[in-house]
Amino acid sequence: AQSVTQLGSHVSVSEGALVLLRCNYSSSVPPYLFWYVQYPNQGLQLLLKYTSAATLVKGINGFEAEFKKSETSFHLTKPSAHMSDAAEYFCAVEGSASKIIFGSGTRLSIRP
Amino acid sequence: DGGITQSPKYLFRKEGQNVTLSCEQNLNHDAMYWYRQDPGQGLRLIYYSQIVNDFQKGDIAEGYSVSREKKESFPLTVTSAQKNPTAFYLCASSHLGQGNTEAFFGQGTRLTVV
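Model, not experiment: these values are computed from the prediction.

1. Here's the deal with the pattern of salt bridges
All names here are of chain B.
- Per the counting criterion, the structure on display carries 6 salt bridges over all chains.
- For Lys71, the salt bridge is made with Asp30, and the minimal N-O distance between the two is 3.5 Å. Of this pair, Lys71 sits in the loop between β7 (64-66) and β8 (76-78) while Asp30 sits in the loop between β3 (19-25) and β4 (31-37); the two residues are 41 residues apart in sequence, bridging distant segments of the chain.
- Judged by its relative accessible area of 31%, Asp30 falls in the partly exposed class.
- The shortest N-O distance in the salt bridge between Asp38 and Arg44 comes to 2.8 Å.
- Taking the relative accessible area as the measure of exposure, Asp38 reaches 10% and is therefore buried.

Here's what the structure looks like:
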């Protein structure tokens, strides 16, 4: 069965610093992977998705993620954090019967 | 504008009452989902539907019921059997097919038991 694990429930970085949010997946078949962002009291918005076309995926708001099969990872990065990046981020994988399985989320805080 | 609409945004329920949360989409998506979100627990799947008049239980279906009489609509009823219903509820929809399941989410309904 497919699953994702997000390492770190809370990450805090300084404004302008590198953002790195970690996600590892488990899948017996080539996975389809997603990163979503959620701002307080709102729904989730897709940041980017991996569907095997390219291992480095660029998304909205300057985020990108790299699919590494050897490490079963799909970490999310952004070179320079902005205050507006403060939110909760979810990694997800497409499961059986097209269900979407979410990780437990990582809350990103940005220090001025 | 295409999208997915949840209503109401806030809902208060008395002990022993059933309440229904609305979810409508005009994206022509086949699949619709209901998730429950509690602090620190991510999103847990309650029910999902891939076709009209058919739906499947997710991981935490007890105390909830759904219907899918129209492609556009997937209402969720929180019954009195749900012992701890206070949570943030999210509805989503997507196409079906491998790699095609990018989910679109509504803005959520925050349910509080009073």
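2. Thoughts on the sheet that holds strand β1 (residues 4-7) of chain B
Residues and elements named next belong to chain B.
- If you walk across this open sheet you meet the 4 strands as β1-β3-β8-β7, and the pairing is antiparallel. The sheet terminates laterally at β1 and β7, the two strands that pair on one side only. Put simply, the sheet's adjacent strands are angled 20° from each other on average, direction ignored.
- With 3 bridges joining them, β7 and β8 adopt antiparallel strand pairing. Bridging from a neighbouring strand, Tyr64 pairs with Val78 of β8.

3. Some thoughts on the packing of aromatic side chains
- Here the structure, examined in full by the defined rule, presents 14 aromatic pairs over all chains.
- Between Tyr33(B) and Tyr35(B), the ring centres sit 6.2 Å apart and the planes meet at 25°, which makes this aromatic pair stacked.
- In this structure Tyr35(B) comes out as buried when scored by relative accessible area, which is 1%.
- Aromatic side chains Tyr47(B) and Phe55(B) sit 5.9 Å apart centroid to centroid with 80° between the ring planes, which places their arrangement in the edge-to-face category.
- Judged by its relative accessible area of 34%, Phe55(B) falls in the partly exposed class.
- Each member of the aromatic cluster is reached from another via a ring pair, and the members are Phe34(A), Tyr36(A), Phe90(A), Phe102(A), Tyr33(B), Tyr35(B) and Phe105(B).
- Between the NZ or CZ atom of Arg68(B) and the centre of the ring of Phe74(B), over which it lies, the distance is 6.0 Å.

4. Things to note about the interface of chain A and chain B
- The interface is formed by 20 residues belonging to chain A together with 24 residues belonging to chain B.
- Regarding the contact of chain A and chain B, the summed buried area is about 1,800 Å², with carbon and sulfur atoms giving 52% of it.
- It is Asn41(A), Lys99(A) and Ile100(A) in chain A that bury the most area against chain B; as a group they hold 26% of the surface buried on that side.
- The tally of links from chain A across to chain B stands at 1 salt bridge.
- Seen at the junction of chain A and chain B, the total is 6 residue pairs in polar contact (both at pLDDT 80 or more).

5. Topic: the side chain of Gln38(A)
- When you line up the elements, Gln38(A) lands in strand β4 (residues 33-38).
- Every residue in contact with Gln38(A), bar those within four places of it in the chain, is listed here: Gly43(A), Leu44(A), Ala87(A), Glu88(A), Phe90(A), Gln37(B), Phe88(B) and Leu90(B).

6. Remarks on the nonpolar core
- Core analysis: the largest hydrophobic core is formed by 26 residues, its most contacted members being Trp35(A), Phe74(A), Leu76(A) and Tyr89(A).
- If you list the elements that add at least two residues to this core, you get β2 (10-14), β3 (19-26), β4, β5 (44-50), β7 (64-68), β8 (73-78), β9 (87-94) and β11 (106-111) of chain A.
- Ranked by size, the runner-up nonpolar core spans 20 residues in total, among them Trp34(B), Ile46(B), Tyr64(B) and Val78(B).

7. Quick look at the sheet that holds β7(A)
Residue and element names in this part refer to chain A.
- Strand order in this open sheet of 5 strands is β1-β3-β8-β7-β6, and the pairing throughout is antiparallel. Strand pairing shows two members of the sheet lacking a second neighbour, β1 (3-7) and β6 (56-58), which therefore form its edges. Shown here is a sheet whose adjacent strand axes are inclined to one another by a mean of 20°, direction ignored.
- Sheet analysis places β6 next to β7, joined by 3 bridges and oriented antiparallel. Residue pairing in the sheet places Lys58 in a bridge with Glu64 of β7.

About the thresholds
- Residues numbered from 1 in each chain as written.
- Chains lettered and ligands numbered in written order.
- Predicted model: local features only at pLDDT ≥ 70, side-chain atom pairs only at ≥ 80, totals over all residues.
- Heavy atoms only, no water.
- Salt bridge = Lys/Arg side-chain N within 4 Å of Asp/Glu carboxyl O.
- Helix = DSSP H or I, 4+ residues; strand = E, 2+ residues; numbered from the N terminus.
- Buried < 20%, exposed > 50% of the residue type's maximum accessible area, 1.4 Å probe, protein only.
- Pairing = 2+ DSSP bridges.
- Axes fitted to C-alpha atoms, helices over the stretch in contact; angles between N-to-C directions.
- Phe/Tyr/Trp six-rings, centres within 6.5 Å; stacked < 30°, edge-to-face > 60°.
- Lys NZ or Arg CZ within 6 Å of the ring centre and 35° of its normal.
- Contact = heavy atoms within 4.5 Å.
- Buried area = accessible area lost by both parts, 1.4 Å probe.
- Polar contact = N/O pair within 3.5 Å; in protein donor to acceptor, adjacent residues only side chain to side chain.
- Core = buried A, V, L, I, M, F, W, Y, C linked by side-chain atoms within 4.5 Å.

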